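Working through the structure, step by step
The lines below spell out each chain.
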Amino acid sequence: MTPVIGATCAWSVETWKHEEKEAGYMYAGSAYSWAIHRAGAMPLMVPVPPPDADLTSAAECVLARVDGLLLTGGGGAKIREGSGLPPLAAQQPRRYRFENILINRAAVMGIPIMGICRGHQMIAEVLGGSTRILVPPHAHLQEKPSWEPQHVITVESGSLLSRVCGNDPWEVTSFHRQAVGVVPPGFRVSAFSKDGVIEAIEALGETFIVGLQFHPEYRWELDERSRILFKAFVTQCRRE
């Protein structure tokens, strides 16, 4: 049976400062849903619940219907406080609270989780780690089209990521101004960039929980390892 993977969305009221009375719109890059679909699963877009909704009930409803959870990136770095960025929880506060519940409940339930960019940072922060602002802030911002690699990462030997994708240097895309600072308990670093930025983390337990600072969804057409990684995630979501 085709697994269903819930993919979280950003809310334009939080990311673009649209007027809340106009409701705004929910969004996630099409590359996320297309990668899920091409890897053999059905994406289910998961919007931020309305302000009068109970976030816990909404999260439980979602998790009762999905076989996996993809935490997408997007939006937060558009908001500034002077020359820097506010904390992750302040950038998209309602989305943060909702995804916090989703991550914690999914982890307890043993539902496979993959986080990309902001989603990677969310996994780290809400499960007991921390994030940090990059200095300089533009060091990891893509200067090329989204499908072309920006820099090279090193995959740690012995990691799940190395078993799935191999240990060769990996060319990846990069769209972030902040990064994981401290890895949460029960996790390990599975990839890093030349300047020491944590590019991937993974849970040490039986449940598949992987965070990726880079964007394999953009590289589907050109990078075999990006395809392999998404297919590995979908395979985990097929397990009963």
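Here we summarise the structure given alongside this text.

The rules behind the values
Residues numbered from 1 in each chain as written. Predicted model: local features only at pLDDT ≥ 70, side-chain atom pairs only at ≥ 80, totals over all residues. Heavy atoms only, no water. Phe/Tyr/Trp six-rings, centres within 6.5 Å; stacked < 30°, edge-to-face > 60°. Helix = DSSP H or I, 4+ residues; strand = E, 2+ residues; numbered from the N terminus. Buried < 20%, exposed > 50% of the residue type's maximum accessible area, 1.4 Å probe, protein only. Contact = heavy atoms within 4.5 Å. Pairing = 2+ DSSP bridges. Core = buried A, V, L, I, M, F, W, Y, C linked by side-chain atoms within 4.5 Å. Axes fitted to C-alpha atoms, helices over the stretch in contact; angles between N-to-C directions. Parallel < 35°, antiparallel > 145°, perpendicular 65-115°, else oblique. Left-handed = near helix turned anticlockwise from the far one by under 90°. Nonpolar A, V, L, I, M, F, W, Y, C, P; charged D, E, K, R; others polar.

Our next topic: the packing of aromatic side chains. Tallied over the entire structure, the rule returns five aromatic pairs. Aromatic pair W220 and F230: ring centres 6.4 Å apart, planes at 65 degrees, arrangement edge-to-face. Within this pair, whereas W220 is found in the loop between β13 (209-212) and α8 (224-238), its partner F230 is found in helix α8, the two being separated by 10 residues in sequence. By relative accessible area, which is 9% here, W220 ends up buried.

Structurally, G74 can be placed in the loop between β5 (68-71) and α4 (88-91). Note on G74: relative accessible area 33%, which makes it partly exposed. It is 16 Å that separates the C-alpha atoms of G74 and I133, two residues lying 59 residues apart in sequence. Beyond its immediate stretch of four places on either side in the chain, G74 contacts A10, Q92, R95 and R118.

Within strand β1 (residues 4-8), four of the five residues are buried, leaving the element largely enclosed by the surrounding structure. The pairing of β1 with strand β4 (residues 42-46) spans five bridges and is classified as parallel. Each residue of the ladder has a partner; that of T8, found in β4, is V46. Here β1 pairs with β5 via three bridges, running parallel. In the sheet register, A7 faces β5, and the bridge partner there is L70.

The next point concerns the nonpolar core. Residues L70 and W170 are the most contacted members of the largest nonpolar core, which totals 29 residues. Put simply, the parts of the chain that give this core at least two residues each are β1, α2 (30-38), β6 (113-116), β8 (151-155), α7 (160-165), β9 (170-172), β13 and α8. With five residues, α8 is the largest single contributor of residues to this core. Residues in contact with L70, not counting those within four places in the same chain, are I5, G6, A7, T8, Y32, I36, M114, I116 and F233.

All right, on to the packing of helix α3 (residues 55-63) against helix α5 (residues 93-109) then. Following both chains from N to C, one finds α3 and α5 inclined at 50 degrees, their axes separated by 9 Å at the closest point. Overall, the two elements α3 and α5 adopt an arrangement that is oblique. In this structure, α3 meets α5 at a crossing whose hand is right-handed. Contacts between α3 and α5 involve L55, T56, A58, A59, E60, V62 and L63 from the first element and R94, R97, F98, I101, L102, R105, A106 and M109 from the second. Among the residues making up the contact of α3 with α5, the classes are represented as 10 nonpolar, one polar and four charged.

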